[in-house]
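# Architecture and fold: a report
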Amino acid sequence: MSDLWKKYKKYMAAAGISIIVLLALTAFYVRYDYQQYCKEAVPILEYHGIGSADGWMKELFVSKETFETHLQYLHDNGYKMVSVKKMAEMFANGESTEKTIVMTFDDGYLDNYTNVLPLLKKYNATATFFCCS
């Protein structure tokens, strides 16, 4: 039994060292890849509803005032707000995506029309809406 135990310990030590080496190499690669990703990535801001809601849905909603501060910040800091389709075209054409943001709205709540659309117009912003049927 002791020979088997010694072989097991030797195997586990080798496996442990291999894992450490792989983790170190992965960390290096991920760091490098992440830096490249940051240069090319386009943040996607996902919203559900703008306004107020009751019950469990209130966690899905952002107040109209908070949403407007988001738009104001993006507008004042020179971000280009584009649709999902436009972002895909930019990637396909090799266009710069620097300071580009995609804004999406899920579920198709009425407030997307009553609260969001006027603010998008005010800040000359674009968004993509995903509506449920």
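Residues numbered from 1 in each chain as written. Predicted model: local features only at pLDDT ≥ 70, side-chain atom pairs only at ≥ 80, totals over all residues. Heavy atoms only, no water.

### Description of the overall build of the protein
- If you tally the helices and strands in the protein, you get 4 helices and 6 strands.
- For the protein, the residues scored as buried account for 24% of the 133 residues in total.
- Look at the contacts in the protein between residues 6 or more apart in sequence, and 55% of them connect residues 24 or more apart.
- Accessible surface for the protein amounts to roughly 9800 Å². Of this, 61% is attributable to carbon and sulfur atoms. (Helix = DSSP H or I, 4+ residues; strand = E, 2+ residues; numbered from the N terminus. Buried < 20%, exposed > 50% of the residue type's maximum accessible area, 1.4 Å probe, protein only. Contact = heavy atoms within 4.5 Å. Areas by Shrake-Rupley, 256 points an atom, 1.4 Å probe, with all protein chains shown as cover.)

### Some points on the pattern of salt bridges
- Enumeration over the complete set of coordinates arrives at 2 salt bridges.
- A salt bridge links E68 to K122, with the shortest nitrogen-to-oxygen separation between them at 2.6 Å. Note that E68 is positioned in helix 2 (residues 64-76) and K122 in helix 4 (residues 111-122), a separation of 54 residues in sequence.
- Judged by its relative accessible area of 22%, E68 falls in the partly exposed class. (Salt bridge = Lys/Arg side-chain N within 4 Å of Asp/Glu carboxyl O.)

### Quick notes on the environment of F61
- Within the fold, F61 resides in strand 3 (residues 61-62).
- You can call F61 buried: its relative accessible area is 15%.
- When the C-alpha atoms of F61 and G49 are compared, they prove to be 4.5 Å apart, with 12 residues separating the residues in sequence.
- In contact with F61, other than residues within four places in its own chain, are G49, I50, G51, S52, A53, Y109 and D111.

### Description of the packing of helix 2 against helix 4
- Packing of helix 2 against helix 4 leaves a shortest axis separation of 11 Å and a crossing angle of 25°. Taken together, the axes of helix 2 and helix 4 are roughly parallel relative to one another. In the crossing of helix 2 with helix 4, the sense of the turn from one axis to the other is right-handed. On helix 4, the residues that touch K64, F67, E68 and L71 of helix 2 are N115, V116, L119, L120 and K122.
- Split into classes, the residues belonging to the contact of helix 2 with helix 4 amount to 5 nonpolar, 1 polar and 3 charged. (Axes fitted to C-alpha atoms, helices over the stretch in contact; angles between N-to-C directions. Parallel < 35°, antiparallel > 145°, perpendicular 65-115°, else oblique. Left-handed = near helix turned anticlockwise from the far one by under 90°. Nonpolar A, V, L, I, M, F, W, Y, C, P; charged D, E, K, R; others polar.)

### Some details on the nonpolar core
- F67, L71, M81, M103, F105 and L120 are the most contacted members of the largest nonpolar core, which has 15 residues in total.
- Broken down by secondary-structure element, the contributors of at least two residues to this core are helix 2, strand 5 (100-107) and helix 4.
- For F67, the residues in contact, after removing those within four places along its chain, are Y47, I50, V62, M103, F105, V116, L119 and L120.
- In terms of nonpolar packing, the next biggest core, distinct from the first, is built from 5 residues, V42, V82, M87 and M90 among them. (Core = buried A, V, L, I, M, F, W, Y, C linked by side-chain atoms within 4.5 Å.)

### Section: the packing of aromatic side chains
- The tally for this structure, following the rule as stated, stands at 6 aromatic pairs.
- Aromatic pair Y47 and F67: ring centres 5.1 Å apart, planes at 80°, arrangement edge-to-face. Taken together, the residues span a long stretch of sequence, with Y47 in strand 1 (residues 44-47) and F67 in helix 2 at a distance of 20 residues.
- For the pair F105 and F129, a centre-to-centre distance of 5.0 Å together with 15° between the ring planes defines the contact as stacked. Taken as a pair, F105 in strand 5 and F129 in strand 6 (residues 128-131) lie far apart in primary sequence, 24 residues in all.
- Three or more aromatic residues link up through ring pairs in this structure, and these residues are Y47, F67, F105 and F129.
- Over the aromatic face of Y79 sits the side chain of K99, whose NZ or CZ is 4.9 Å from the ring centroid. (Phe/Tyr/Trp six-rings, centres within 6.5 Å; stacked < 30°, edge-to-face > 60°. Lys NZ or Arg CZ within 6 Å of the ring centre and 35° of its normal.)

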